[in-house]
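# A closer look at the structure
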Amino acid sequence: MQYQVALKRVEELMLRLPEDDPEMVELTLLGNLVADYDEQHYPIGKPALIDVIKLRMYEMGLTQAALSKLLGINPARVCEYLSGKREPTLNQARTISQKLNIDPAIVLGV
């Protein structure tokens, strides 16, 4: 119940306060409390490599064939990565990270 009240107050303050308003202190404190609660009770896990690659493909307008060419990886291998049947080798992971600008930790699953 207190969470809902705090969240509503944060939303109210965000909509009406200019940045130099003294109530920004209240907004900051309540915002931090709401964020801490959310992190504790509704944690967001790390994204799966498959999902990140598919997102990047969408953002870059790439087909699987175009992705294969960009990465210099056999199209069948790319299909295996996207279906979750196989994980990339270290060298392939490095290429995926660099060419698609994906955090190496996500590519390596750490």
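None of the values given here were measured: they were computed from a predicted structure.

Rules used throughout
- Residues numbered from 1 in each chain as written.
- Predicted model: local features only at pLDDT ≥ 70, side-chain atom pairs only at ≥ 80, totals over all residues.
- Heavy atoms only, no water.
- Helix = DSSP H or I, 4+ residues; strand = E, 2+ residues; numbered from the N terminus.
- Rg over C-alpha atoms; globule rule 2.2 N^0.38 Å.
- Buried < 20%, exposed > 50% of the residue type's maximum accessible area, 1.4 Å probe, protein only.
- Contact = heavy atoms within 4.5 Å.
- Lys, Arg positive; Asp, Glu negative; His and termini not counted.
- Charge placed at Lys NZ, Arg CZ, Asp CG, Glu CD.
- Axes fitted to C-alpha atoms, helices over the stretch in contact; angles between N-to-C directions.
- Parallel < 35°, antiparallel > 145°, perpendicular 65-115°, else oblique.
- Left-handed = near helix turned anticlockwise from the far one by under 90°.
- Nonpolar A, V, L, I, M, F, W, Y, C, P; charged D, E, K, R; others polar.

## Remarks on the overall build of the protein chain
Scanning the protein chain from N- to C-terminus turns up seven helices and zero strands. Counting from the amino terminus, helix and strand elements in the protein chain follow one another as α-α-α-α-α-α-α. Relative to the globule expectation of 13 Å for 110 residues, the C-alpha radius of gyration of the protein chain, 21 Å, shows a markedly less compact shape. With 110 residues in all, the protein chain has 26% of them scored as buried. Restricting the contact set of the protein chain to residue pairs at least 6 apart, pairs at least 24 apart contribute 44%. Each charge class in the protein chain was averaged separately, 12 positive and 15 negative side chains, and the resulting centres sit 18 Å apart.

## Quick notes on the packing of helix α1 (residues 2–16) against helix α2 (residues 24–41)
Each pair of packed helices can be described by the angle between their axes along with the distance between the axes. Packing of α1 against α2 leaves a shortest axis separation of 9 Å and a crossing angle of 135 degrees. For the element pair α1 / α2, the angle class is oblique. For the pair α1 and α2, the sense of crossing is left-handed. Of α2, the residues touching α1 (which contributes Tyr3, Ala6, Leu7, Arg9, Val10, Leu13 and Met14) are Glu26, Leu27, Leu30, Gly31, Val34, Tyr37 and Asp38. Per-class residue counts for the contact of α1 with α2 are ten nonpolar, one polar and three charged.

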